[in-house]
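Coordinate analysis (summary)
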Amino acid sequence: ELLEELRGLPAETEDGRRVEISANISSAGDLAAVIKNDAESIGLFRSEFIYMGRDTLPTEEEQFKIYKLAAETMAGKRVIIRTVDIGNDKQASAFGLPKEVNPALGMRAIRVSLTRPDIFKTQLRAILRASAFGRIAIMFPLITSVWEVWKAKEILENVKTELDKNQIPYDHHLEVGIMVETPAAALISDKLAKEVDFFSIGTNDLSQYTLVVDRNIQDSSQFFNPHHPAVLKLIRMTIENAHANHIWVGICGELGADLTLTREFLEMGVDELSVAPYDILPLRKKVRSLNLSEK
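Residues numbered from 1 in each chain as written. Predicted model: local features only at pLDDT ≥ 70, side-chain atom pairs only at ≥ 80, totals over all residues. Heavy atoms only, no water.

**Some points on the overall build of the protein chain**
- Within the protein chain, the regular secondary structure consists of 12 helices and eight strands.
- Expressed along its principal axes, the backbone C-alpha trace of the protein chain runs to roughly 55 × 45 × 35 Å.
- By residue count, 53% of the 295 residues in the protein chain fall in the buried class.
- Counting only contacts in the protein chain whose residues sit at least 6 apart along the sequence, the fraction spanning at least 24 positions is 70%. (Helix = DSSP H or I, 4+ residues; strand = E, 2+ residues; numbered from the N terminus. Buried < 20%, exposed > 50% of the residue type's maximum accessible area, 1.4 Å probe, protein only. Contact = heavy atoms within 4.5 Å.)

Right under this line is the structure:
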């Protein structure tokens, strides 16, 4: 019923405030649900799932075909591919990562990519090659400092140079963004915003790292409050710093689908909300029911 009511309609409040509603996906198998639920774009492609459940690393060609399929399926709509966020609760045996006492604070995400540039370059080549077939953007996860962005962009530029040398086509204007999912990133978001084209706020990890609570441990669930004022303050700060530096900002964590916060996020100025495919239509309905001029 929601699909028939809302298909093709913009996520726009009664007083004209527009927000983009995107889909989070973990594999190409999710693309059918993205199309069925009328997503405006893919705001988060969790590429690490390509690496999981296998004993060998995926080849460049394997990855290229998956990213190309996503780009072509979305037919000109943006597909944001997050580079591999392995580590912590997402393990892939092919990486051979050591067991850690506290993996949430150890080698994961961009830290793995920067210390294993061979694996990182393979993924970046696959993403760049796929960008010739649609509108792809690259996003780096778990950023905590400016130098990490510099280093990741340097490796990306090296890969672009290699492709140019071999006359392999790619989108020379593809957007590069970062996940803001640590208090460190939020607190220096004014500086990080000068280095990238967009932010995507990962509220799951942002809440976990701000509140010092492992969200995956059941006994601690009563202490895990993603509505905590500190979390919302960091989100607001990030949005303000993004806009002050003329870049757009989205939310791709679970809070993006929390309809009790939709109004507050729009009032903060968020440009995009990326949610599970089945959350798209209820969220669009909620947005269209709001009037931000009414207090």
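Moving on, there is more to tell.
**Quick word on the pattern of salt bridges**
- Taken as a whole and judged by the stated rule, the model has 20 salt bridges.
- Residue Arg18 is joined to Glu40 by a salt bridge in which the shortest nitrogen-to-oxygen separation is 3.6 Å. Here the residue Arg18 occupies a position in the loop between α1 (2-6) and β1 (20-25), and Glu40 occupies one in the loop between α2 (31-36) and β2 (42-46), the gap between them amounting to 22 residues.
- Among the residues examined, Arg18 registers a relative accessible area of 44% and is labelled partly exposed.
- Asp85 is paired through a salt bridge with Arg82; the nearest N and O atoms lie 3.9 Å apart. Taken as a pair, Asp85 and Arg82 share a single burial class, namely buried.
- Put simply, Glu48, Arg82, Asp85, Arg108 and Asp205 are held in one network by salt bridges that share partners. (Salt bridge = Lys/Arg side-chain N within 4 Å of Asp/Glu carboxyl O.)

**Overview of the pairing of strand β4 (residues 136-140)**
- By the criterion of burial, β4 is predominantly enclosed, with five of the five residues buried.
- Judged by which residues are buried, β4 turns out to be covered on both faces: Ile136, Ile138 and Phe140 on one side and Ala137 and Met139 on the other are all buried.
- By the bridge criterion, four bridges tie strand β3 (residues 79-82) to β4 in an arrangement that is parallel. Along β4, the bridge assignment pairs Ile81 with Ile138.
- Note: β4 against strand β5 (residues 176-180), three bridges, orientation parallel. (Pairing = 2+ DSSP bridges.)

**Some words on the environment of Glu20**
- Here Glu20 shows up in strand β1.
- Glu20 has contacts with Glu40, Ser41, Arg78, Asp271, Glu272 and Leu273, leaving out every residue within four places of it along the chain.

**Remarks on helix α10 (residues 229-244)**
- The end-to-end C-alpha distance of α10 is 22 Å, a good match for the 22 Å that 16 residues give at a rise of 1.5 Å each.
- Among all positions in α10, only Val231, Leu232, Leu234, Ile235, Thr238, Ile239, Asn241 and Ala242 are buried.
- Of the residues one or two after α10, His246 is the one with positive phi, at around 65°. (Expected span 1.5 Å × (residues − 1).)

**Thoughts on the sheet that holds β4**
- The strand order β1-β2-β3-β4-β5-β6-β7-β8 describes a closed barrel built from eight strands, whose pairing is parallel. Averaged over all neighbouring strand pairs, the angle between strand axes comes to 25°, with direction disregarded.
- As paired strands, strand β7 (residues 248-251) and strand β8 (residues 272-275) are joined by two bridges and run parallel to one another. Bridge pairing links Ile251 to Leu273 in β8.
- Packed on one face of the sheet, helix α3 (residues 60-74) meets β2, β3 and β4 and runs near 155° to β3.
- Along the sheet face, helix α12 (residues 280-289) touches β1 and β8 and points at about 160° away from the line of β1. (Axes fitted to C-alpha atoms, helices over the stretch in contact; angles between N-to-C directions.)

**Examining the packing of α3 against helix α5 (residues 117-130)**
- Viewed as axis vectors pointing N to C, α3 and α5 meet at an angle of 35°, and their least axial separation amounts to 8 Å. By crossing handedness, the relation of α3 to α5 is classed as right-handed. Contacts from Glu60, Glu61, Gln63, Phe64, Tyr67, Lys68 and Ala71 of α3 reach α5 at Thr122, Gln123, Arg125, Ala126, Ile127, Arg129 and Ala130.
- Its residues assigned to classes, the contact of α3 with α5 shows six nonpolar, three polar and five charged. (Left-handed = near helix turned anticlockwise from the far one by under 90°. Nonpolar A, V, L, I, M, F, W, Y, C, P; charged D, E, K, R; others polar.)

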